[in-house]
Amino acid sequence: KGALTRIGADILFWKVRMKPGMAFIAAVYQGKPILALSGNPSAAAVSLFMLGRPLIRRMSGMKDYQTKELKVKMADAFPKNSPSRRMIPGTLEILDGEAWIVFAKKQGNGMLNPMRDCEILGEIEAGSPPLRKGSIIKAYRFFDR
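Residues numbered from 1 in each chain as written. Predicted model: local features only at pLDDT ≥ 70, side-chain atom pairs only at ≥ 80, totals over all residues. Heavy atoms only, no water.

**Q** Which residues make up the sheet that holds strand β1 (residues 10–14), and what are the values?
**A** Taken together, three strands build an open sheet; the order of strands is β1-β3-β4 and the sheet is antiparallel. Lying at the two open borders of the sheet, with one neighbouring strand each, are β1 and β4 (32–36). For this sheet, the mean inter-axis angle between neighbouring strands, taken without regard to orientation, is 20 degrees. With five bridges joining them, strand β3 (residues 25–29) and β4 adopt antiparallel strand pairing. Bridge pairing in β4 links Val28 to Pro33. (Pairing = 2+ DSSP bridges. Helix = DSSP H or I, 4+ residues; strand = E, 2+ residues; numbered from the N terminus. Axes fitted to C-alpha atoms, helices over the stretch in contact; angles between N-to-C directions.)

**Q** Lay out helix α2 (residues 41–59) with the relevant residues and their values.
**A** At Gly52, α2 shows its largest kink, close to 45 degrees, and the proline Pro54 lies no more than four residues downstream. The secondary structure elements touched by the buried residues of α2 are β2 (18–19), β4, β6 (85–95), β8 (120–124) and β9 (136–141). Backbone geometry just after α2 places Gly61 at a positive phi near 100 degrees. (Bend = angle between axes of the 7 residues up to and from the residue. Contact = heavy atoms within 4.5 Å.)

Pasting the structure below:
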C-alpha cells in the first residue's frame, strides 16, 4: 500500500472481509487498474478469482462477467464460528441429483496444495455459526460456462 501511495496511485480499497484473501488492494494509477494480492498462495488465488477475475472479464468485453453462484450441500461439517466471510476450496459432486461440495483437506492461507485439485469455492457467510454436514451454502466454480 505504501509503494502505491508513494507513486501517486489512487487507492480504491484496501482489505476485504474475506478469508483467505483479506490483504487485497485495488488502486488506479495513470488510468490503469492495479490489483495487489496477498503474499499467501491460497489467499492470492482466492482474491484473484473472486475479485480480479470479474474485473479482467469485464475489461476484456464480456457482458456476463460476474462469477456464477450455485447452491451446494456441504459433505462435511464446518465446526467454527465464522466472523468473516470464508472461502473454502473443494470438489463438486453430484449425488442423487443434488450438488455437494467436498472440502479440501488440510487448508491454510499459506498452502497452495489444497487448491490443486479443486474446482469450486464454497462460501461460509460472515456471522455464521458452526455448520452441520448437509447445510446449504453458496459456491462458485472456477471454470463456468
